[in-house]
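Chain and residue survey
Here is how the chains run, residue by residue.
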Amino acid sequence: MNKKIGIMGGTFDPIHYGHLSTAETVRIKFDLDYILFVPTGNPPHKMRKITKKYHRYNMTILATISNDNFRVSTIELERDGYSYTVDTLKSIKQIHKDDELYFITGADAFCDMKDWYRADELFSLANFIGATRPGIDTTKFEEALKYIKDNYNKDVLTIHVPSLDISSTGIRKNVLEKKSVKYLIPENVERYIIKHNLYNS
Ligand code: ATP
Ligand code: MG
């Protein structure tokens, strides 16, 4: 059976309701069979020190456990160093030969998608869905859409999702400053953060 699989990559440090509600909105609108969350590995050089990958993976599992249409992939976690999207999509495509892939990103992340590394190949592997939300500067996003159309003849699908002004940066800051993160992240993820003393320094 051919399936339509949504792929949502992210650092998920930590995963929050912005990610989850976007994934669910996209799944329904594009009639996808399920969403595969793909936490990134630990990049070798990065400005900020990213939380250990097994913690980010565990939190992603906890956050998605109550949705039968959400799954979590370990594909980037099993690789050392940085994973390019094109390699990740290639690996997923090898496992899901007859399925159709839909790569989902927020409009912000879409604009700087790793400088379109091996873009020709990248765009041949999947459909792309760019999700905008209120308050986001869409000029850059529209420029990126046009660039992709002109250079790769690829129509990116777009969706406007309800505003959830949540970011992992904001959550980490709240935890550090001992402010509430209730209703921004699932309760079990909040428990996990407390139990493992994450984002405290
Ligand atoms: P950070 O603040 O550390 O950059 P983040 O909240 O942006 O984290 P990421 O893991 O970097 O989360 O994002 C993964 C994907 O989710 C990206 O495609 C990003 O555009 C999208 N995304 C992040 N926050 C939201 C949100 N509130 N609503 C919709 N999409 C989001
Ligand atoms: Mg981000």
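Located above this text is the structure these notes cover.
Calculation rules
- Each chain carries its own residue numbering, running from 1 in the written order of its sequence.
- A letter from A marks each chain and a number from 1 marks each ligand, given out in the order of writing.
- A pLDDT threshold of at least 70 governs which residues receive local features in this predicted model, and a stricter bar of 80 or more applies before side-chain atom pairs are shown or counted, although totals over entire chains, interfaces and linings include all residues.
- Calculation of side-chain values draws on the structure's entire complement of heavy atoms; hydrogens and water are dropped beforehand.
- Numbering of helices and strands runs from the N terminus; a helix is a DSSP stretch of H or I covering at least four residues, while a strand is a stretch of E covering at least two.
- Restricting the calculation to C-alpha atoms gives the radius of gyration, and the globule rule supplies 2.2 Å times the number of residues raised to the power 0.38.
- Exposure classes here rest on a 1.4 Å probe applied to the protein chains alone. A residue is buried below 20% of its type maximum, exposed above 50%, and partly exposed in between.
- When charges are counted, neither His nor the chain ends are considered; positive counts come from Lys and Arg and negative counts from Asp and Glu.
- For charged residues, the charge sits on one atom: NZ in Lys, CZ in Arg, CG in Asp, CD in Glu.
- Near, as used in this document, describes a residue that has one of its heavy atoms within 4 Å of the molecule or strand being considered.
- Counted as a polar contact is a pair of N or O atoms within 3.5 Å, where, for protein atoms, one must be capable of donating a hydrogen and the other of accepting one, and residues adjacent in sequence contribute only when both atoms are in side chains.
- Per-residue and other accessible areas were derived by the Shrake-Rupley procedure at a 1.4 Å probe size, with only the shown protein chains allowed to occlude residues.
- Think of it as three bins: nonpolar holds Ala, Val, Leu, Ile, Met, Phe, Trp, Tyr, Cys and Pro, charged holds Asp, Glu, Lys and Arg, and polar takes everything else, Gly as well.
- Residues belong to one nonpolar core when they are buried, are Ala, Val, Leu, Ile, Met, Phe, Trp, Tyr or Cys, and are joined through side-chain atoms within 4.5 Å.
- This arc describes the spread of directions from the helix axis toward the C-beta atoms.
- Whether two residues are in contact is decided by their heavy atoms: any pair within 4.5 Å suffices.
- By definition, no residue in a patch forms a salt bridge, and every one has over 30% relative accessible area; like charges are joined within 9 Å, nonpolar side chains (Val, Leu, Ile, Met, Phe, Trp, Tyr) within 5 Å.
- One speaks of a salt bridge when a side-chain nitrogen belonging to Lys or Arg is within 4 Å of a carboxyl oxygen belonging to Asp or Glu.
- Ring pairs are drawn from Phe, Tyr and Trp, using the six-membered ring of Trp, whenever the two centres fall within 6.5 Å, and their geometry is named by plane angle: stacked under 30 degrees, edge-to-face over 60, tilted for the rest.

A word on the overall build of the protein chain
Check the secondary structure of the protein chain and you find eight helices and six strands. The secondary structure elements of the protein chain, listed N-terminal to C-terminal, are β-α-β-α-β-α-β-α-α-β-α-β-α-α. In terms of overall size, the protein chain behaves like a compact globule, its C-alpha atoms giving a radius of gyration of 17 Å where 201 residues would be expected to give roughly 17 Å. Each principal axis of the C-alpha distribution contributes one length, and for the protein chain these read about 50 × 35 × 35 Å. Per-residue burial over the protein chain gives 47% buried out of 201 residues. Taking the average location of the 29 positive side-chain charges in the protein chain and that of its 26 negative ones, the two points are 6 Å from each other.

What to know about the site of ligand 1
His-19, Thr-22, Asp-108, Ser-168 and Thr-169 are the nearest of the 20 residues found near ligand 1. A distance of 2.4 Å separates an oxygen atom of ligand 1 from a polar side-chain atom of Thr-169. When ligand 1 sits alone it has 600 Å² of accessible area, and the protein chains cover 85% of it. Those elements that provide at least two residues to the shell around ligand 1 are strand S1 (4–10), helix H1 (17–29), strand S4 (100–106), helix H4 (107–111) and helix H7 (168–176). A class-by-class count of the residues in the shell around ligand 1 yields five nonpolar, twelve polar and three charged.

Quick notes on the nonpolar core
If you look at the biggest cluster of nonpolar residues, it comprises 29 residues, and the most contacted ones within it are Ile-15, Ile-35, Phe-37, Met-59 and Ile-193. Elements with a contribution of two residues or more to this core: H1, strand S2 (34–39), helix H2 (53–64), S4, strand S5 (127–132), H7 and helix H8 (187–195). Ile-7, Ile-75, Ile-92 and Leu-145 belong to the second largest nonpolar core, which has 27 residues in total.

Details of H8
Of the residues making up H8, those classed as buried are Val-189, Glu-190, Tyr-192 and Ile-193. Here the buried residues of H8 occupy an arc of 160° about the axis, which is enough to place them on one side. In H8, those exposed residues whose orientation departs by more than 90 degrees from the buried face are Glu-187, Arg-191, Ile-194 and Lys-195. For H8, the elements touching its buried residues are H2 and H7.

Notes on a nonpolar patch on the surface
A cluster of nonpolar side chains, Tyr-82, Tyr-84 and Tyr-117, forms an exposed patch at the surface whose accessible area comes to about 270 Å². Relative to the helices and strands, Tyr-82 is located in the loop between strand S3 (70–72) and helix H3 (85–95).

Comments concerning the side chain of Asn-174
For Asn-174, the position within the fold is in helix H7. Its relative accessible area of 18% is what places Asn-174 among the buried residues. Discounting chain neighbours no more than four positions away, the residues touching Asn-174 are Lys-179, Ser-180, Val-181 and Leu-184.

A closer look at the packing of aromatic side chains
Geometrically, a pair of aromatic rings is defined through the distance of the ring centres and the angle of the planes. One pass over the structure, following the stated rule, counts eight aromatic pairs. Centre to centre, the rings of Phe-110 and Phe-141 are 5.6 Å apart; their planes meet at 75°, and the pair counts as edge-to-face. Taken together, the positions of Phe-110 in helix H4 and Phe-141 in helix H6 (residues 138–152) put the pair 31 residues apart, joining distant regions of the chain. Assessed through its relative accessible area of 3%, Phe-141 is described here as buried. Ring centres of Tyr-147 and Tyr-152 lie 6.5 Å apart, and the angle between their planes is 65°; on these two criteria the pair is classed as edge-to-face. Taking relative accessible area as the criterion, Tyr-147 reaches 44% and is therefore assigned partly exposed.

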